[in-house]
Amino acid sequence: MNNKHRWTSPSNIAIVKYWGKLPGQFPMNPSLSFTLSSCHTDTEVEWNGHPLNDDRRFVFYFDGHERPDFAPKLEQFFGFLDGEMPWLKECFPVIRSSNTFPHSSGIASSASAMSALALCLVTRERELFPDRFPDDTSFWQRCSSIARVGSGSACRSLYPIASLWGKTPAVPESNDHYGIPFAKNLHPLFHELRDYIFVVNASGKSVSSSAGHALMAGHPYREARIAQAHKNLEAVVGCLASGDWTGFSRISEEEALSLHALMMSSQPWYLLLEGASLKLLQAIRRLRESHDLPVCFTIDAGPNIHMLFPASCEQAVEDWIAAEAPDYRGPDQLIRDRAGKGPVARV
Ligand code: PMV
C-alpha cells in the first residue's frame, strides 16, 4: 500500500454552462466542457501523515504554506464523503497542492483542485478495495462522482479533450452522477481547440460560484434557463460532431452572456464582468467580422475572457494580439491554453 498518491489534474472550460444545483450537488441542467492543459493543479496526499494526537481530519498546504482558510470548503467535502468513503476517517491525510494559475479568479480552480484530490482519494480506495474497481471505466466514473461532490464542474476535468455532465436526451449514457468522456464525438477541428485566457483581473471572486448557484433556486428566469441549456446542449453536440464552427461560436457566446445575465438579474444581483472584459468581447467580435477569422469567446464565473479558436488560426491570433492587445502580452495577462489530455498520475 502506497503512503502517498499524487496527481495533476486540469481545469476545464464549459461551453454549455452548469448553473444552478439540486441537493446532493446534482446539476439543474446538463453541461459540456473542454478539458484544459496548462491550467492545472498538482496535488499530493500523504496518508497518516499528521500526528495521531492532532484532532484535525486533514492538513492542507497550498504552495508550501498551511492554508486554514481553505479548510471550510474541504471540511464540507470530507463531511459529504463520510457516508461514501467511511475509511477516510482513519487515514489522516496531509494534502499538498499547487496551481499553475491564479486560484479563485474564475479560471475554475475548484475544478482542477477537486478533481486532483478526488483522484488521490479514489486511487487509495482502489488499493484498499480492488474488487470495487473491475475496470478503468469504474475508476474514472468513481473519480468523477467524488470530484462532483467537491465542486460540480470538477467532475468534467477527468477526461481528455471534452466531457459532458448531466442527463440529456442527446446522449443516452449521460447522467447526473458523473461526467462522461466526450472526445470521440468531436470533429477533428475541435481536438486542437485553443483557449487563450485574457486575465482581466486575477484577484479573488467577489461572489463564490456556490452563492451564484444558490441564487438560481428562486430566479425569475430559472425555467427558461433550464430549457435554454437543454436546447444549446443538444445543438452543440451536433456542431461538435459535424465541425460546424459558426454554430459552435453562437452557442458558446450565448451561454457565456446568459450566465452573466443570470448573475445580473439575480436577487440580489451581482456583476463579475469589468470594463476591460467588455472591451475584449467587442474586440473578439470585430476580429471575427473584419478578418473573417473563426474566433469566439466564452466566460467563466469571473471577469476573464476565454478566446476560443481552431489551431489553424494561431498565427493570425498572435499577430492580432501583438498589434491590438498590447496589455495582454505577458504570461500573467495571457494564458495560452488548449484542449488537453486530462489528468496524469505522478510517482
Ligand atoms: O463547480 P462550481 O460549483 O464552481 O460551478 C462552476 C460553474 C461555472 O464555472 C460558472 C460553469 C461551469 O459549467 O463550469
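Placed above this text is the structure.
Below you will find a few notes about this structure.

Scoring rules and cut-offs
Residues numbered from 1 in each chain as written. Predicted model: local features only at pLDDT ≥ 70, side-chain atom pairs only at ≥ 80, totals over all residues. Heavy atoms only, no water. Near = heavy atom within 4 Å. Polar contact = N/O pair within 3.5 Å; in protein donor to acceptor, adjacent residues only side chain to side chain. Areas by Shrake-Rupley, 256 points an atom, 1.4 Å probe, with all protein chains shown as cover. Nonpolar A, V, L, I, M, F, W, Y, C, P; charged D, E, K, R; others polar. Domains from an automatic or database assignment. Buried < 20%, exposed > 50% of the residue type's maximum accessible area, 1.4 Å probe, protein only. Helix = DSSP H or I, 4+ residues; strand = E, 2+ residues; numbered from the N terminus. Arc of directions from axis to C-beta. Contact = heavy atoms within 4.5 Å. Core = buried A, V, L, I, M, F, W, Y, C linked by side-chain atoms within 4.5 Å. Axes fitted to C-alpha atoms, helices over the stretch in contact; angles between N-to-C directions. Left-handed = near helix turned anticlockwise from the far one by under 90°. Expected span 1.5 Å × (residues − 1). Pairing = 2+ DSSP bridges. Phe/Tyr/Trp six-rings, centres within 6.5 Å; stacked < 30°, edge-to-face > 60°. Salt bridge = Lys/Arg side-chain N within 4 Å of Asp/Glu carboxyl O.

Another aspect to go through is the site of the ligand. Y18, S151, S153, R156 and D300 are the nearest of the 14 residues found near the ligand. At a separation of 3.5 Å, an oxygen atom of the ligand approaches a polar side-chain atom of S110. S151 is positioned such that a nitrogen or oxygen atom in its side chain is 2.9 Å from an oxygen atom of the ligand. Relative to its unbound accessible surface of 380 Å², the ligand loses 96% to contact with the protein. Tallied by class, residues from the shell around the ligand come to five nonpolar, six polar and three charged. Structurally, the shell around the ligand is a two-domain feature, drawing no fewer than three residues from each of domain 1 (4–187) and domain 2 (189–338).

Taken as a whole, helix 9 (residues 314–324) has its buried residues at V317, W320 and I321. The arc that holds every buried residue of helix 9, seen down its axis, measures 100°, which confines them to one face. When the buried face of helix 9 is taken as reference, the exposed residues oriented beyond 90 degrees from it are Q315 and A323. Tucked into the core, helix 9 has its buried residues touching strand 10 (194–198), helix 8 (275–291), strand 12 (305–309) and strand 13 (334–338).

Further remarks concern the nonpolar core. Membership of the largest hydrophobic core comes to 33 residues, with the highest contact counts inside it found for F34, F182, L240 and F248. For this core, the elements supplying multiple residues, two or more each, are strand 1 (4–16), strand 4 (31–46), strand 8 (162–165), helix 6 (222–242) and helix 7 (245–264).

For the rest of this paragraph, the subject is the packing of helix 1 (residues 71–84) against helix 2 (residues 109–128). Between helix 1 and helix 2, the least distance of the axes is 13 Å, while the angle of their chain directions is 35°. Here helix 1 and helix 2 pass one another in a crossing that is right-handed. In contact with K73, L74, F77, L81 and E84 of helix 1, helix 2 contributes M114, L117, L121 and E125. For the contact of helix 1 with helix 2, a count of residues per class yields six nonpolar, no polar and three charged.

Here we come to helix 3 (residues 136–150). Here helix 3 spans 22 Å end to end across 15 residues, near enough to the 21 Å set by a 1.5 Å rise per residue. Helix 3 sits mainly inside the fold: eleven of its 15 residues count as buried. Regarding helix 3, the residues found buried are S138, F139, R142, C143, S144, S145, I146, A147, R148, V149 and G150. Residues of helix 3 that are buried sit in contact with strand 1, strand 3 (26–27), helix 1, helix 2 and strand 8.

Taken across its five residues, strand 12 has five buried, putting it largely inside the fold. Both faces of strand 12 are covered, namely the face carrying I305, M307 and F309 and the face carrying H306 and L308. Pairing geometry for strand 10 and strand 12, over five bridges, is antiparallel. Among the inter-strand pairings, F198 is bridged to a residue of strand 12, identified as I305.

It is worth spelling out the packing of aromatic side chains at this point. A ring pair, where both rings are aromatic, is described by two values, the distance of the centres and the angle of the planes. With the rule as written, the count across this model stands at 18 aromatic pairs. Ring centres of Y196 and F309 lie 4.9 Å apart, and the angle between their planes is 75°; on these two criteria the pair is classed as edge-to-face. Placement of Y196 in strand 10 and of F309 in strand 12 is noted, with a sequence separation of 113 residues between them. Grouping residues by exposure puts Y196 and F309 together as buried. Here F198 and Y328 contribute two aromatic rings whose centre-to-centre distance is 5.3 Å and whose plane-to-plane angle is 75°, an arrangement assigned as edge-to-face.

Turning next to the environment of D332. Looking at the element boundaries, D332 is found in the loop between helix 9 and strand 13. Note on D332: relative accessible area 61%, which makes it exposed. Distance from D332 to F62, taken between C-alpha atoms, is 19 Å for residues 270 residues apart in sequence.

On to the pattern of salt bridges. Tallied over the full model, the rule gives 17 salt bridges. Measuring nitrogen to oxygen at the nearest pair gives 2.8 Å for the salt bridge that ties E314 to R194. Linking E314 in helix 9 with R194 in strand 10, this pair joins segments that are 120 residues apart in sequence. Residue classification places E314 among the partly exposed residues on the basis of a relative accessible area of 24%. Taking relative accessible area as the criterion, R194 reaches 6% and is therefore assigned buried.

One ladder, built from six bridges, connects strand 4 with strand 7 (residues 94–99); its direction is antiparallel. In the strand pairing of strand 7, T41 is matched with N99. Pairing of strand 5 (residues 59–62) with strand 7, which is carried by four bridges, proceeds in the parallel orientation. Bridging from a neighbouring strand, F62 pairs with S97 of strand 7.

Let us now look at the sheet that holds strand 12. Across the sheet, which stays open at both edges, the four strands sit in the order 11-12-10-13 with antiparallel pairing between neighbours. Edge positions in the sheet fall to strand 11 (296–299) and strand 13, since each of these pairs with one other strand and no more. In this sheet, neighbouring strand axes are inclined to one another by 25° on average, regardless of whether the strands run parallel or antiparallel. Judged from the four bridges that link them, strand 11 and strand 12 form a sheet pairing that is antiparallel. Considered in strand 12, the bridge of I299 is made with I305. Along the sheet, helix 8 contacts strand 10, strand 11 and strand 12; its crossing angle with strand 12, the most-contacted strand, is approximately 15°. Across the sheet, helix 9 touches strand 10, strand 12 and strand 13, and the angle it forms with strand 10 is around 15°.

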